[in-house]
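Residue-level structure breakdown
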Amino acid sequence: MLETLGKDLRFALRMMGKGRAVTAVAVLSLALGLGGVTALFSLIDAVMLRRLPVREPHRLVVFGLMGGPNDSRFSYPLYDRARRRGQTLSQLIAFTRDTRLMVRAADAGSGAGAHHAGQPAERATGQLVSGNYFSGLGVGAAAGRTLTPDDDRVPGGHPVAVLSYGCWQRRFGSDSAAVGRSVTINGFPFTIVGVAPRGFFGVQVGSSPDFFLPIMMQKDIRYRGNASTNADVDVDKPWVLEPHISWLNLVGRLAPGVEAPRARAEFEVLFHQLSSDFFGAEPDKDPLQEALRTRLTAAPADRGISRLRGEHGQHLLILMCGAVLVLLIACANIANLLLARAAGRRKEIAIRLSIGAARGRLVRQLLTESLLLAGAGAACGLLLAFWGRRLLLELAAIGPGALSLDAGLNLRMLGFAAAACVATVLLFGLVPALQATRVELGSTLKEGGRAVHGGGASERSRLPLGKALVIVQVGLSLLLLIGAGLFMRSIENLERLSTGFSRENLLLVRINPRLLGMTDPQLTGLYQRLLERVTALPGVRSASLSLYPPLSGSRRTSSVQVAGYLPRRNEEQEVQEMTVTPGYFATVGMRLAEGREIGPQDRTGAAKVAVVNETMARHYFPGRSAVGRRFGFGKRTDEIEIVGVVRDAKLNSLRGETPMTVFRPVAQAIDALEDLEVRTAADPGTLAGQLRVLIQQVEPNLPIDKIGTAEEQVGRSISGELAVARLTSLFGTLALVLAAIGLYGVMSYGVARRTNEIGLRMALGAQRGTVLGLVFREAMWLTAAGIVVGLAFALAAAPLAKSLLFGLTAGDPPTLGLATCVLLVIAALTGLLPAQRAASVNPMIALRSE
């Protein structure tokens, strides 16, 4: 068997060397198809398929509230009691989402927390985790030790940190002496006690924290992110003591023999019991009743917690379908090449069969050649995938936040590439091999050379398969072109959509004053100094500060009560809350509908005021003016007066409805404002450098996270859709090229087979135009059939892409028409070349041709 296999391989290599053009086209086509599919699979694997690198991940469950287990949060007192009282879990861990940190490395020769004079702080990310986080996940340390329950018992008692492996490499050069060193995180000294293992990123897929810190250090690092509350609380006090602040994600490890439903039922009972304890002494029973009505979930967490699956799973599915279609088109090209080559070897195969070769033996020989082609294509495809996966990760930086994924080569990816290679051989190598060995020995051996070109009945029987493959290629190409056109038009519609604010000449600077640890008066002074200096810059028309930048994805919601409004049954009176400085609306370009803007007179101690958007005014005051009406947060109904109504603006997302929004003056609701808006007279990009220097002069320790224009912010907000549009356009173009190659190959092969026939026609008086039209019509017939197939494919696939489109339907006539015209033009140019060759045949040479 090995000797026979060796002979087959040597013969296959000789045949590949003999037909270098066929080999090059086949390998390149497969490399492009397999490379695209494998690169996308690596991304899908990292987001949706890969299990967490922890011990027994199948026993992990994530707890949440009904309707959103991946985004549900719980209070620390609830976690603490559930961890101690639960019987169905061997471990219950808690953690936060990534938070921004400012880190200064301490001087090795100084005390804890000391750092080099003038050394700037570096940005980093971190997670607050429970003391049993690493032991609960079954993860050890690459160096030093991990956090322990003793590190997480007393608020502020154990300022220790565990580095991620990547942070250890980047910041400390993998130096083992990093363990035991001190760093200053958000102004507080921490001691590094260990390094997490390579590849460990926690439980959240797509995150990449640099530091893991004890939950008990929440107040010391000024963590205030991703939280909700159902009571009036002092957020300056440690959250770990507050049962009314929900801010922790909980993941449990099932005890041996326990299933997820039993753990969910137990946790739900504990949740209701603890809610009764926490709210029992409250005079207002509504939060208690709401908690008792809440139902909990326990979802599998073996693949981690990921918002990417829900938000962008459909994007990845669409892209994977596009890559698979390109691979199918490439494979159809290979099948046509193999069919053409097999037709040229009919005489050889007939002789082999006549002298006793078994048909199975010949099929195996031909499959060996196909396998070598597929193997070479797969090897080149893996190289393309290894290079292209980084490009895909950049394109997949979907959403306003950063995305960190390990989509490198691994055994699963190699296995997928191997399986795709074998499937390619079986699907598109087996049929040509079977057809090539199905010959009539007598007639084939008698026909001689003309059989190849003149063609008998058996030869003509091969023609429909090649044409059918071309029709499918054209149809799949049209499908990808239509998809690319629809996504590109959706992007155009989103970009042209009125945002409700002026994007031109608007610069957005993302800052983080919360990390400074300033008091409320100090923050107020900082805002005043900052705005005074910025507005004094040449070229600046106005400046303002707000809680969040537009289209950033960040939001804060609060419940309100409106004087005189009777809520409907089970109505959630939630509004989005924005804190701004005077001049905000003029700076961002939002127009007033009635009343006035927030001004300098709305200071601390003055009557509380707010501006609301049109959506809120219509909801609570239909047919009436909202100016002068009153509302309040929580249970109060008259603490705030509405002094103005502003036009609706897309501050959260370009898609969807505009939420009810309340704008409050920062002097009456002190907060850490994270966005500086600057309206410029000319190109805002020219002021970015000056702004960075000026901000550091006003407050050297103020972190600057990002500087960019409002136009760039709009682009980032639709980056997911843009990635799909770009990649489908790339796949569509590639599919069109491959389909054109396939059409050209089939028509050229047909012209070569019909050389004698064409020469005879011309010898009998057929004009050059008649012969050209004969071949050209056949190419257009194949194209027309492919267009019909492609339109049918597009209609069948319409539901898959419906939710990703904006401002048009999947059957958009201009898009369908443009894609069809592009395909017709390319097909016409492709079919014209073989037609011209046929019309240029010399009749005398053709009649003598073998």
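Being a predicted model, the structure only gives us computed values, none of them experimental.

**Let's talk about the overall build of the protein chain**
Regarding its fold elements, the protein chain presents 26 helices and 24 strands. Among the 850 residues that make up the protein chain, the fraction classed as buried is 52%. For the protein chain, contacts bridging at least 24 residues in sequence account for 82% of all contacts bridging at least 6. With the model as given, the accessible surface of the protein chain reaches about 37,000 Å², and the carbon-plus-sulfur share is 58%.

**Brief notes about the confidence of the model for the protein chain**
Regions with low pLDDT carry predicted coordinates that are not meant to be interpreted in detail. The predicted model of the protein chain averages 81 in pLDDT, with 85% of residues at 70 or higher. No element of the protein chain has a lower mean pLDDT than helix α15 (residues 457–460), at 40, and none a higher one than strand β9 (residues 211–214), at 96. Confidence over residues 107–118 falls short of pLDDT 50; this stretch has 15 contacts with residues more than four positions distant or in other chains. Contacts for the low-pLDDT stretch residues 398–403, under 50 throughout, to residues beyond four places or in other chains number 17 contacts.

**A closer look at the environment of Gln697**
As for its position among the elements, Gln697 is in helix α20 (residues 688–698). Linking Gln697 and Arg533, residues 164 residues apart in sequence, is a C-alpha distance of 9.7 Å. Only 2.9 Å separates the side chain of Gln697 from the side chain of Arg533, close enough to count as a polar contact.

**Thoughts on the pattern of salt bridges**
Evaluation of the coordinates by the stated rule reveals 26 salt bridges. A salt bridge links Glu639 to Lys608; the shortest N-O distance between them is 3.8 Å. With a gap of 31 residues between them, Glu639 in the loop between β20 (630–633) and β21 (640–646) and Lys608 in the loop between β18 (592–595) and β19 (609–613) connect regions that are remote in the sequence. One continuous salt-bridge network, built from bridges that share partners, spans Arg100, Arg510, Arg514, Glu674 and Asp705.

**Considering unusual backbone geometry**
The residue Glu56 is not glycine, and still its phi comes out positive at about 45°. Its location among the elements puts Glu56 in the loop between α2 (20–49) and β1 (60–65). Classification of Glu56 by relative accessible area gives partly exposed; the value is 33%. A positive phi angle, close to 50°, is found at Asn186, a residue other than glycine. Examined against the element boundaries, Asn186 turns out to sit in the loop between β7 (182–185) and β8 (188–195). Asn186 gets classed as buried once you look at its relative accessible area, which sits at 3%.

**Concerning the side chain of Asn652**
Of note, Asn652 is situated in the loop between β21 and β22 (661–665). A polar contact of 2.8 Å, which involves the side chain of Asn652, links it to the side chain of Gln576. Those residues in contact with Asn652 that lie beyond four places of it in its chain are Leu551, Gly553, Ser554, Arg555, Gln576 and Pro659.

**Quick word on the environment of Phe74**
You can see Phe74 is positioned in the loop between β1 and α3 (76–85). Phe74 sits in the buried class, given a relative accessible area of 1%. As for Phe74 and Gly64, which are separated by 10 residues in sequence, their C-alpha atoms are 8.4 Å apart. Beyond its immediate chain neighbours, meaning those up to four positions away, Phe74 contacts Phe63, Gly64, Leu65, Ile245, Ser246, Trp247, Leu248, Leu250, Phe267, Phe271 and Leu296.

**What to know about the nonpolar core**
If you look at the biggest cluster of nonpolar residues, it comprises 123 residues, and the most contacted ones within it are Val534, Tyr584, Met590 and Phe663. Core analysis: the second largest hydrophobic core is formed by 52 residues, Val103, Ala124, Trp168 and Leu250 among them.

**Description of helix α17 (residues 520–535)**
Given a rise of 1.5 Å per residue, 16 residues ought to cover 22 Å, and the 23 Å separating the end C-alpha atoms of α17 matches this to within 8%. All buried positions along α17 are accounted for by Leu523, Leu526, Tyr527, Leu530, Leu531 and Val534. Relative to the axis of α17, the buried residues are bounded by an arc of 120° and lie together on one face. Residues of α17 that are buried in the fold lie against β14 (506–511), β15 (540–546), β23 (675–680) and α20.

**Examining the packing of aromatic side chains**
Going through the model one piece at a time under the given rule, you end up with 22 aromatic pairs. Taking 6.2 Å as the distance between ring centres and 85° as the angle between the ring planes, the aromatic pair formed by Phe74 and Phe271 counts as edge-to-face. Taken together, the positions of Phe74 in the loop between β1 and α3 and Phe271 in helix α6 (residues 260–279) put the pair 197 residues apart, joining distant regions of the chain. Pairing Phe188 with Phe190 gives two aromatic rings, centres 5.8 Å apart and planes at 70°, and the pair type is edge-to-face. Note on Phe188: relative accessible area 24%, which makes it partly exposed. Exposure remark for Phe190: the relative accessible area of 1% places this residue in the buried category.

**A few points about the packing of helix α24 (residues 768–801) against helix α25 (residues 813–839)**
Two elements in contact, α24 and α25, have axes whose closest approach is 8 Å; the angle formed by their N-to-C orientations is 150°. Accordingly, the angle class assigned to the pair α24 and α25 is roughly antiparallel. Judged by the sense of rotation from one axis to the other, the crossing of α24 with α25 is right-handed. Among the residues forming the contact of α24 with α25, the class breakdown is 18 nonpolar, four polar and one charged.

**What to know about the packing of α17 against α20**
Their axes nearest at 10 Å, the elements α17 and α20 cross at an angle of 145°. Helix-helix and strand crossings are classified by hand; for α17 and α20 the assignment is right-handed. When α17 is examined against α20, the residues Leu526, Arg529, Leu530, Arg533 and Val534 are found in contact with a partner set consisting of Leu691, Leu694, Ile695, Gln697 and Val698. Here the residues of the contact of α17 with α20 sort into seven nonpolar, one polar and two charged.

**Overview of a nonpolar patch on the surface**
On the surface, Leu2, Leu5 and Leu9 cluster together into a nonpolar patch covering about 290 Å² of accessible area. Note on placement: Leu9 falls in helix α1 (residues 2–18). When its relative accessible area of 32% is taken as the criterion, Leu9 is described as partly exposed.

**Some words on the environment of Glu495**
Structurally, Glu495 is set in helix α16 (residues 463–496). Remark: the alpha-carbon pair of Glu495 and Ile718, spanning 223 residues in sequence, is separated by 8.7 Å. In this structure, Glu495 is in contact with Arg503 and Ile718, ignoring residues within four places of it in sequence.

**Description of the side chain of Arg679**
Take Arg679: it is sitting in strand β23. Of the side chains with opposite charge, Glu504 comes closest to the buried, unpaired Arg679, at an N-O distance of 5.5 Å. Setting aside chain neighbours within four positions, we find Arg679 in contact with Ser502, Glu504, Asn505, Leu506, Gly539, Val540, Arg541, Ser542, Thr587, Val588 and Gly589.

The rules behind these values
Residues numbered from 1 in each chain as written. Predicted model: local features only at pLDDT ≥ 70, side-chain atom pairs only at ≥ 80, totals over all residues. Heavy atoms only, no water. Helix = DSSP H or I, 4+ residues; strand = E, 2+ residues; numbered from the N terminus. Buried < 20%, exposed > 50% of the residue type's maximum accessible area, 1.4 Å probe, protein only. Contact = heavy atoms within 4.5 Å. Areas by Shrake-Rupley, 256 points an atom, 1.4 Å probe, with all protein chains shown as cover. pLDDT = per-residue confidence, 0-100. Polar contact = N/O pair within 3.5 Å; in protein donor to acceptor, adjacent residues only side chain to side chain. Salt bridge = Lys/Arg side-chain N within 4 Å of Asp/Glu carboxyl O. Core = buried A, V, L, I, M, F, W, Y, C linked by side-chain atoms within 4.5 Å. Expected span 1.5 Å × (residues − 1). Arc of directions from axis to C-beta. Phe/Tyr/Trp six-rings, centres within 6.5 Å; stacked < 30°, edge-to-face > 60°. Axes fitted to C-alpha atoms, helices over the stretch in contact; angles between N-to-C directions. Parallel < 35°, antiparallel > 145°, perpendicular 65-115°, else oblique. Left-handed = near helix turned anticlockwise from the far one by under 90°. Nonpolar A, V, L, I, M, F, W, Y, C, P; charged D, E, K, R; others polar. Patch = residues over 30% accessible without salt bridge, like charges linked within 9 Å, V, L, I, M, F, W, Y side chains within 5 Å. Lys, Arg positive; Asp, Glu negative; His and termini not counted.

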